[in-house]
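Residues per chain, in single letters:
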Amino acid sequence: MRRFILLCWVLLLSGAAALQAQAVTGKVTDGDGFGLIGASILVAGTNTGTVTDLDGNFSLTIPANSERLVVTYTGYTTLEIPVVAGQSVYEITLLESATSLDQVVVTAAGIERSKKSLGYAVSTISGDEVGTVRETNIVNSLQGKVSGVQISQQSGNLGGSTKILIRGVNSLSGNNNPLWVVDGVPIFDNNVTTGSQITGGFDTGNRAQDINPDDIESISILKGANAAALYGSRAANGAIIVTTKKGGKGNKAQITVNSTIRTDRILRAPDFQNDFAQGGGGRYSLDNLNGWGTRIQGQDVENLQGETVPLQAYPDNVRDFYETGTTLINNLGIGGGNDKSNYRFSMTSLNQEGIFPGSELDRISLGLNAGQKFDQKISSTFGLNLVRSTSAGRVAQGGNDPNVLVPIVNNFPRNLSLDQISDFVDESSGVGEQLNPLSPNTNNPYWIANENRFDTESDRVFGNFTLQYDPLFWLNFTGRVGIDFIADNRFRSNRKGTLGRLQGDFTIDRIEQRQLDYTFLATAANEINSDFLIKTIVGFNYNNRVFERLTNFAQNLTVDQLFSTGNAEVNNVTNDFSERRLFGVFGDVTLTFRDYLSLNVTGRNDYSSTLPLDNNSYFYPSVGMSFVFTDAFKINDGILSFGKIRSSYAEVGGDTDPYQLDFNYFPQVDAFGQFGTATSFPFDGRLAFSGPGTIPPEGLRPEATASFEIGTELQFFGGRIGLDATYYKQVTSDQILAVPIPQSTGFGFQRLNVGKTTNEGFEFELNFTPIKTADFTWNSLVTFTKNRFIVNELSEGTDRLVINSGFNSLQIVAEPGKSFGLFANTFARAEADTSLALADQRVLVNPETGLRESGENQRIGDVFPDFIAGWTNNINYKGINFRFTLDYREGGLLYSNTVADLRASGLAEETGVNRERAFVDTDAWIQEADGTLRPNDIPVTPQAFWGNYSDGSITENSIFDASFIKLREVALNYSLPTSLLAKVPFRSVTVGVEARNLAIIYSTIPHIDPETNLFGSASDGAGIEFNSPPTTRTYGVNLRLGF
Amino acid sequence: MKKSIFYPLLISALFFGITSCDDQLDINTDPLAATAVDANLLFPEVLVNFSNIRESELDARIGTIVDYYEPVNGLQILGNYQQGLRSNTFLMGNVWGNIYTNVLKNVTLLERTAREAEPGTQNNILAQGKLTKVLAYWQATMLWGEVPYTQAVDFTTALPVFDEQEVILRGLVSEIDEALDLIDDTSAKIERGDLIYGGNMDLWVRFANSLKLKILMQIANVDPNSVSAQIAEVVNQPLLETADQNAQLQYLDAPGNFNPFWGILNNFDNANNNWYAAGETCFDLLVELDDPRLGVYYMEGPSDSMNVITPGEFGEPAGSGTYPGGSTNSFISLGIIRADRPDTYLVASETQLLRAEAIVRGLASGDAQEAFAAGVGANFVEFGVEGLEDYLTSLGSVNDDNDDDALLKIRQQLYLANFQRLPDGWAEWRRTKVPTIEPPINSAVDGVVRRFFYPPDEVGANPNAPTNQPVDTPMWYEN
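The residue count restarts for each chain, going from 1 along the sequence in the order it is written. Chain letters and ligand numbers both follow the written order, the letters beginning at A and the numbers at 1. Note on the predicted model: pLDDT of at least 70 is required for a residue's local features to be given, and 80 or more for side-chain atom pairs to be given and counted; whole-chain, interface and lining totals, by contrast, use all residues. Side-chain metrics in this entry use all non-hydrogen atoms of the structure; hydrogen atoms and water are not considered.

(A) Quick peek at the overall build of chain A. Each helix is a run of DSSP H or I of at least 4 residues and each strand a run of E of at least 2, with the numbering of both proceeding from the N terminus. Tallying secondary structure elements over chain A gives nine helices and 61 strands in all. C-alpha atoms define the radius of gyration in this analysis, and the globule rule sets the expected value at 2.2 Å times the number of residues to the power 0.38. Over its C-alpha atoms chain A spans a radius of gyration of 31 Å, differing by no more than 12% from the 31 Å that the globule rule assigns to 1043 residues. The dimensions of chain A, computed from C-alpha atoms along their principal axes, are 105 × 70 × 65 Å. Here's how the labels work: a residue is buried when its accessible area is under 20% of the maximum for its type, exposed when over 50%, partly exposed in between, all with a 1.4 Å probe on protein chains only. Every one of the 1043 residues in chain A was classed for burial, and the buried ones make up 60%. Contacts were defined at the residue level, with two residues in contact if any of their heavy atoms lie within 4.5 Å. By sequence separation, contacts in chain A at least 24 residues apart represent 69% of the contacts at least 6 residues apart. A total of about 38500 Å² of accessible surface is found on chain A, and carbon and sulfur atoms cover 54% of it. Neither His nor the chain ends is counted toward charge; the positive residues are Lys and Arg and the negative residues Asp and Glu. By convention, charge coordinates are those of NZ in Lys, CZ in Arg, CG in Asp, or CD in Glu. Considering chain A, the positive charge centre built from 81 side chains and the negative charge centre built from 113 side chains are found 6 Å apart. In short, Shrake-Rupley with a 1.4 Å probe defines the accessible areas, and a residue's cover is counted only from the protein chains shown.

Here it is as structure tokens:
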């Protein structure tokens, strides 16, 4: 580090020596007359130059005999103006570049770069793209609009999480989420779960959703380790760089109001049979919720209330249980600036009511950005965001918890009228008693939704504070502090009288996360001669993250609905704490030759507190090259208007989680018991400790990812057609992973450096403008991503690694030479077919029963999609803008527990077919004693067939091709023309209608949205749906006003 | 010039002035964990976890196999019958993980710490640990047959081999002998953390001998000659004689320390029992013997009659169904499934009945009727049952029966004495096959379940895991 300071000094001194005399002043403005901040003015052929201040003013001493000034500003066309003898004031106007290729992208550490000079692929999305149809979770807005990125919404819960994967999974450890960076500082995007998929989990959402779509100026997606080398380990999976809106130009306040109102309805409810009542074996039974009862023919039966009523089907009872959700989003933004300062303040309130009774999400976001330029070549900016979110009535998913609501609703008997269960509580005795539970073991869903709470309340502050010093026009020092603070309070209760938790309980969960990030950068940029420009950055980074949690689980409540710890017979308190630190020093050198050939070399060394003290340092380099051959060879033949090739190679190291190195004993607060029967310590006055579940590592090494990419950017016909295509290959090795080991060793896991995985893929973005006239333009963007993930090797002696497991032996498994596979129990197959693919093997039935027999646990196929694609269209006609986005995913698998349940319980539409006749499972065979096969000819009842076919423990037939095409987003906006605006006090008026998640155009999965997932964004357990809350279809109207 | 230097220095000082790299990075010690703990703190973790899994998984689910009960409501996992050959991996994964990664790991850690002390000073602790391990391995082999034993939880072997049941059972007997040799009057023992005997080493000796007898009787089932001398010897050692010597974990009628078997009913059925209906086999045997335990083990259901439902007509496929026959039946008594029900690891009644059997079979000397009466008596005391004398009189003396009749009588009592003690009751039944049990009608398994499948986690991680055998494949010690 001492060497680094020395370097700063050298740079400083060498620059200071270059100054001479003779002064001019001037101002650089854009086409509208607003000053451009930071435009660079260079005296051609010299090292002399300066940058403009906040208002676009500059002063410069021009050496004698100078001929031209070169004025550059990223995003604008470079201008050369002659130096006129005797002229001391220069008014310079720059025009915005015609093509997007000159755009500035914000890359690592908040460094702005011309996109032209980048050696790697970056996708940029404007604030408009995410701000037009605003999503509760910003991540959802990116769907279909960026190549190389797979985005999957995990459930229909309000504020639920969305998983984002950039160029596939790199790590086997489950930590594959990209780093989120707002205005140069990293923020948390983790998803701290409550519960697990086994015990009934709540998806509380990934925290990037705290970013307010109204405040976004642009989003850059840095896709590989290449792009993110300067951010260090955490960006090994890519980085999403958000730049927020800053105060506008001019002293006049620019005020915007953006209001949206929307309604949400369940996108897809299962298709039910409506001919058969609850019961079994063709007989009506009130205690049996299955749909194997008698044919519904108006006969008299007893209902839940004990009344005798004619039997009747209620085809819409499930759909009607879900309410119409509403969303109201209001934003007020005010911004402006003057000579010295800029300012923007934004306030957004989001009020959402979900489709589950009693579910709601409210969020208030306050954002403030301001900057001040001082006389001493010092400027300072800060951005501060305060976000308060409260939610209630989030629905549990998974199993083993009475609050998992979706299966209760999906399994409504077809003859159940919602009127019969709408009375769910009797408060008359002073102690609420549950009314009309569906069966002796199944709670009334209205009781679950209304009486059992899951409330969250989170307060978050994140922001950045920057101090800049520009002693010389070519030299800049920047110090930046980023903070992120989340206080997340959760409350969960089971009211006394909840079947499964009859004694009542509640949990108070207080989670606090803090992040502090310092970055210091010294930037020097100078021309070596008229052909070569060199830009050097050296920097230092410090990052500190703290996680704290205090949870109390209070059981056996005495007074109903009194959530005081003193009211509980048992209180189990647990606390958790972890802290980690990282130091990084880095350098970045860019050498540009004649503006068309750029070479970029970076290097970074990190020191992490989570690694062994004697081996906590790791270095990683990157090199990138960009070549604009159209400029170099002066190609401009009217067809090809721009062409660039780029390539880069980068390595990134990685650390692990805190406190993984020591062999520790942990105090225990309880001992596991099935069905919510855990006992607590002290037990009979005795405390208990346990050794670790994971064997700590010895001689742990940092992880390493190496990534190579090559790509091209081409524009044809003056930008009417543009293509950005990339091939990449990313190899991650020495992964730090808790490897599952045989439990017979006494431990479930051992933490080791293991394995090697490869992601190899191809991605492109193709934009074209099929029609362009004065009034009418149609822009189209196609994104395509094909990623092939391969596990190359696991730890020595291991040929199988369980990455995640759901229920019933469903597992996501890593095996060398393959992608992540979904393993499931299958039906028995003919021995003669063993060599064939599973799908081609003949299924066997039991020769006595005619039912399929259980076989082995086998790999069904790959979890990840073959490719994903998106198609976004923007059609403008005068003030009318129409846009829509389609989303296409091909391949991959999804296990649906919901489908299995609906079939096994005789509720799904297909189970009503042939119901009253026995039939033969003709897709199956009978194996004779000598091994020969004959077609199955043994009739079975539909109840026996479906019960066996969709059995919870043989999951083969409940696994589907996860391909889908979705109409993701449609919006129609109309902006009032200026001629009309003259009469109203508005600068701009835009009204629009919008719709999200409009339709599943194609999917082979019955009954459910193919896009749900049990595991949430914190895990790589894609491919398993387990009682996930249904997703919604949204319609809304939007009004935007500018003052 | 001076000014130009000043500002960058100021800014850089902000970042460098406050840090010294190595100190700042030396924060990787978990503040909420200990690096060493006393045996008294590890032992409760071992015992409570061991019992919780027995009570909430085994007692609550596999009583169907030996037909102590048949589920009416609630639990749809009927032993393994409805699952058929599809092993219930969920249940078994929990039990496997519990035995190895909780019970055996923490006992081994406790022993490791004891060995680090001066030799000889911790012998009782080592004995307590060893006997607990024997109990855990015995349970493991009773559930799966071949399990990792010789190389398991040794903190060195990465992929433990699965040992044959014979190797395990004979090894456990040797380990009991080693434990008995370790017990002395002076060395340190676990007292406060010993939730079984509170550090009473005399009772640990009785427990050790009784467990040895039980395992020897299993070996004797297939190879009596190899263990007859040991059996003859051990029956003359101190054994569990009375119910107050039972090795057990006493749950408390105190919130948080409830018995989990009862806890399920507390959570789902308001502490009633509409879940576990009487199993016909057990119920009929009690009726046949005019046994006063009938009204203790079972209680009347919602209707008046003490009818028994037809043995398991698992007519309906998986899903939330109702057991045929409705709910007008008798159920396991709330005196059996109660908040402070102890989890009994080994009881005097079982031990004395085993002694009676050993005598009848000529494997040991003594008065068979005396042992028989002691066994039945200990069971009556354990459950507070009246009318022991009349009952014994009605049964007649085993000394007056021929060997077959005597054996049947003893083994019937063994089955009844082990009521709702799983896997013990199941383990003894597989040895004795008394009473006759049929698999349920429409069972997906041909025979009575004898074993479980290995959990997929172990199979996936350990290439030494043998191929799963059908769940009705008898174990080595059966005949």
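And the narrative resumes.
(B) Fine view of the overall build of chain B. The helix and strand tally for chain B stands at 17 helices and eight strands. For chain B, the proportion of its 479 residues judged to be buried stands at 62%. Accessible surface computed for chain B: about 16300 Å², of which carbon and sulfur atoms make up 49%.

(C) Representation of the nonpolar core within the structure. Among buried residues, those of type Ala, Val, Leu, Ile, Met, Phe, Trp, Tyr and Cys that are joined through side-chain atoms within 4.5 Å constitute a nonpolar core. Formed by 153 residues in total, the largest nonpolar core has its most connected members in Tyr100(B), Trp144(B), Ile215(B), Ile231(B) and Tyr298(B). Discounting chain neighbours no more than four positions away, the residues touching Tyr298(B) are Tyr68(B), Ala278(B), Gly279(B), Cys282(B), Phe283(B), Leu286(B), Arg293(B), Phe331(B), Ile332(B), Ser333(B) and Phe419(B). Phe272(A), Val318(A), Phe356(A) and Trp447(A) belong to the second-largest nonpolar core, a separate cluster that totals 27 residues.

(D) Quick look at the sheet that holds strand β2 (residues 40-43) of chain A. Residues and elements named next belong to chain A. The pairing criterion for strands is at least two bridges between them, as found by DSSP. Strands sit in the order β3-β2-β5-β6 across an open sheet of four strands; the sheet is antiparallel. At either end of the open sheet lies a strand with only one pairing partner, and these are β3 (49-51) and β6 (79-82). The sheet shows a mean angle of 20° between the axes of neighbouring strands, taken without regard to direction. Of the strand pairs in this sheet, β2 and β3 are connected by three bridges, and their pairing is antiparallel. By the bridge assignment for β3, Ile41 is matched with Thr50. For helices, the axis comes from a line fit to the C-alpha atoms of the stretch in contact; other axes are also lines fit to C-alpha atoms, and the angle between any two N-to-C directions lies between 0 and 180 degrees.

(E) How the structure looks around the side chain of Glu451(A). Looking at the element boundaries, Glu451(A) is found in helix α5 (residues 445-451). Throughout this description, a polar contact denotes any pair of N or O atoms lying within 3.5 Å of each other; where both atoms belong to protein, one of them has to be capable of donating a hydrogen while the other can accept it, and for residues adjacent in sequence the pair is counted only when both atoms sit in side chains. Side-chain polar atoms of Glu451(A) contact the side chain of Arg495(A), separated by 2.5 Å.

(F) Quick peek at the pattern of salt bridges. Residue and element names in this part refer to chain A. When a carboxyl oxygen of Asp or Glu lies within 4 Å of a side-chain nitrogen of Lys or Arg, that pair is called a salt bridge. Counted under the stated rule, the structure contains 75 salt bridges over all chains. Put simply, Arg514 and Glu512 hold a salt bridge, and the shortest N to O gap is 2.4 Å. Classification of Glu512 by relative accessible area gives partly exposed; the value is 27%. Through salt bridges with shared partners, one network takes in Arg167, Lys223, Lys644, Arg646, Glu709, Glu713, Asp724, Glu763 and Glu765.

(G) How the structure looks around the packing of aromatic side chains. Residue and element names in this part refer to chain A. A pair of aromatic rings is counted whenever rings of Phe, Tyr or Trp (Trp by its six-membered ring) have centres within 6.5 Å, and the orientation is called stacked for planes under 30 degrees apart, edge-to-face for over 60 and tilted otherwise. Inspection of every chain in the model, using the stated rule, returns 62 aromatic pairs over all chains. Above the face of the Phe272 ring, Arg414 is positioned so that its terminal group lies 3.9 Å from the ring centre. Directly above the aromatic system of Phe827 lies the positively charged group of Arg852, at a separation of 5.9 Å from the ring centroid. Only lysine NZ and arginine CZ atoms are considered, and such an atom sits over a ring when it is within 6 Å of the ring centre and within 35 degrees of the ring normal.

(H) Structural detail: the sheet that holds strand β60 (residues 1024-1025) of chain A. Residues and elements named next belong to chain A. Read across the sheet, three strands follow the order β57-β52-β60 without closing on themselves; strand pairing throughout is mixed. The strands lining the two open edges of the sheet, one partner per strand, are β57 (959-961) and β60. In this sheet, β57 lies alongside strand β52 (residues 893-896) in antiparallel orientation, the contact comprising three bridges. Bridge pairing links Leu893 to Asp961 in β57. Lying on the sheet, helix α7 (residues 897-904) is in contact with β52, β57 and β60; it crosses β52 at an angle near 45°.

(I) Spotlight on the pairing of strand β12 (residues 162-166) of chain A. All names here are of chain A. When you tally the buried positions in β12, you get five out of five residues, the bulk of the element. With five bridges joining them, strand β11 (residues 149-153) and β12 adopt antiparallel strand pairing. Within the sheet, the bridge partner assigned to Gln150 lies in β12 and is Leu165.

(J) Region of the structure containing a nonpolar patch on the surface. Residue and element names in this part refer to chain A. To count toward a patch, a residue needs a relative accessible area above 30% and no salt bridge. Like charges then connect within 9 Å, nonpolar side chains (Val, Leu, Ile, Met, Phe, Trp, Tyr) within 5 Å. Nonpolar side chains collect at one region of the surface, where Ile261, Leu328, Tyr877, Ile880, Phe882, Leu972, Tyr974, Leu980, Val991, Val993, Val1037 and Leu1039 lie side by side and expose about 920 Å² of accessible area between them. Only β51 (880-890), β58 (964-975), β59 (988-1003) and β61 (1032-1042) provide two or more residues apiece to the nonpolar patch. Inspection of the secondary structure puts Phe882 in strand β51. A relative accessible area of 30% places Phe882 in the partly exposed class.

(K) Just helix α10 (residues 280-288) of chain B, in detail. All names here are of chain B. Every buried residue of α10 is accounted for by Thr281, Cys282, Phe283, Leu285 and Leu286. In this fold, the buried residues of α10 make contact with β5 (276-278), α11 (294-297), β6 (298-300), β7 (330-332) and α15 (403-417). Asp290 sits one or two residues past α10 and shows a positive phi near 50°.

(L) Structural detail: the interface of chain B and chain A. On the chain A side, the residues contacting the 101 residues of chain B number 104 residues. As used here, buried area is the combined drop in accessible area, with a 1.4 Å probe, of two parts when they are placed together. Roughly 8500 Å² is buried in total at the junction of chain B and chain A, and carbon and sulfur atoms are behind 61% of that figure. Along the contact surface separating chain B from chain A lie zero salt bridges. Applying the counting criterion to the chain B and chain A interface returns 29 residue pairs in polar contact (both at pLDDT 80 or more). Of all the secondary-structure elements, those providing two or more residues to the side of chain B that touches chain A are α1 (2-16), α2 (21-25), α3 (39-61), α4 (89-116), α9 (260-268) and α17 (456-461) of chain B. If you tally residues by element for the side of chain B that touches chain A, the top one is α4(B), at 13 residues.

(M) Geometry of α7(A). Residues and elements named next belong to chain A. Among the eight residues in α7, seven count as buried, and that is most of the element. Taken together, the buried positions of α7 are Asn897, Thr898, Val899, Ala900, Leu902, Arg903 and Ala904. The residue sitting at the N-terminus of α7 and contributing the capping side-chain oxygen is Ser896; that oxygen lies 3.4 Å from the backbone nitrogen of Thr898. In the segment just after α7, Gly906 is the residue with positive phi, at about 70°.

(N) Focus on the environment of Ile868(A). Residues and elements named next belong to chain A. Relative to the helices and strands, Ile868 resides in strand β50 (residues 867-877). Along the backbone, Ile868 and Phe884 are 16 residues apart, and their C-alpha atoms lie at a distance of 17 Å. Contacts of Ile868, omitting those with residues within four sequence positions, involve Val149, Gln150, Thr783, Phe784, Thr785, Tyr888 and Arg889.

(O) Geometry of the environment of Ala678(A). Checked against the element boundaries, Ala678(A) lands in the loop between β37 (670-671) and β38 (679-680). Look past the residues within four positions of Ala678(A) in its chain and what remains in contact with it is Asp670(A), Ala671(A), Phe672(A) and Gly673(A).

(P) How the structure looks around unusual backbone geometry. Omega for the peptide link from Phe681(A) to Pro682(A) comes to 5°, which places this bond in the cis form. When you line up the elements, Pro682(A) lands in the loop between β38 and β39 (689-690). The omega torsion of the bond from Leu422(B) to Pro423(B) falls at 10°, within 30 degrees of zero and hence cis. Looking at where Pro423(B) falls in the secondary structure, it is placed in the loop between α15 and α16 (424-432). At Arg594(A), a position not held by glycine, the phi torsion is positive, near 45°. With respect to the helices and strands, Arg594(A) occurs in the loop between β32 (568-593) and β33 (597-608).

(Q) Molecular detail of the confidence of the model for chain A. Residue and element names in this part refer to chain A. Values of pLDDT, ranging from 0 to 100, describe the predictor's confidence in every residue of the model. Taken residue by residue, chain A gives an average pLDDT of 84. The fraction at 70 or more is 91%. Highest mean pLDDT in chain A belongs to β39 (96); lowest belongs to helix α1 (residues 2-16) (38). In this model, residues 1-21 is a region of pLDDT below 50 whose contacts with residues beyond four sequence positions or in other chains number 35 contacts. Contacts of residues 98-103 to residues separated by more than four positions or lying in other chains number 15 contacts, the stretch itself having pLDDT below 50.

(R) A look at the confidence of the model for chain B. Residue and element names in this part refer to chain B. Taken over all residues, the pLDDT of chain B has a mean of 86, while the share at 70 or more is 84%. Note that pLDDT drops below 50 for residues 74-80; the model gives that stretch 27 contacts with residues more than four away or on any other chain. pLDDT under 50 marks residues 303-328. Its contacts with residues more than four places away, or in other chains, come to 74 contacts. We note a pTM of 0.82 for the whole complex and an ipTM of 0.91 for its interfaces.

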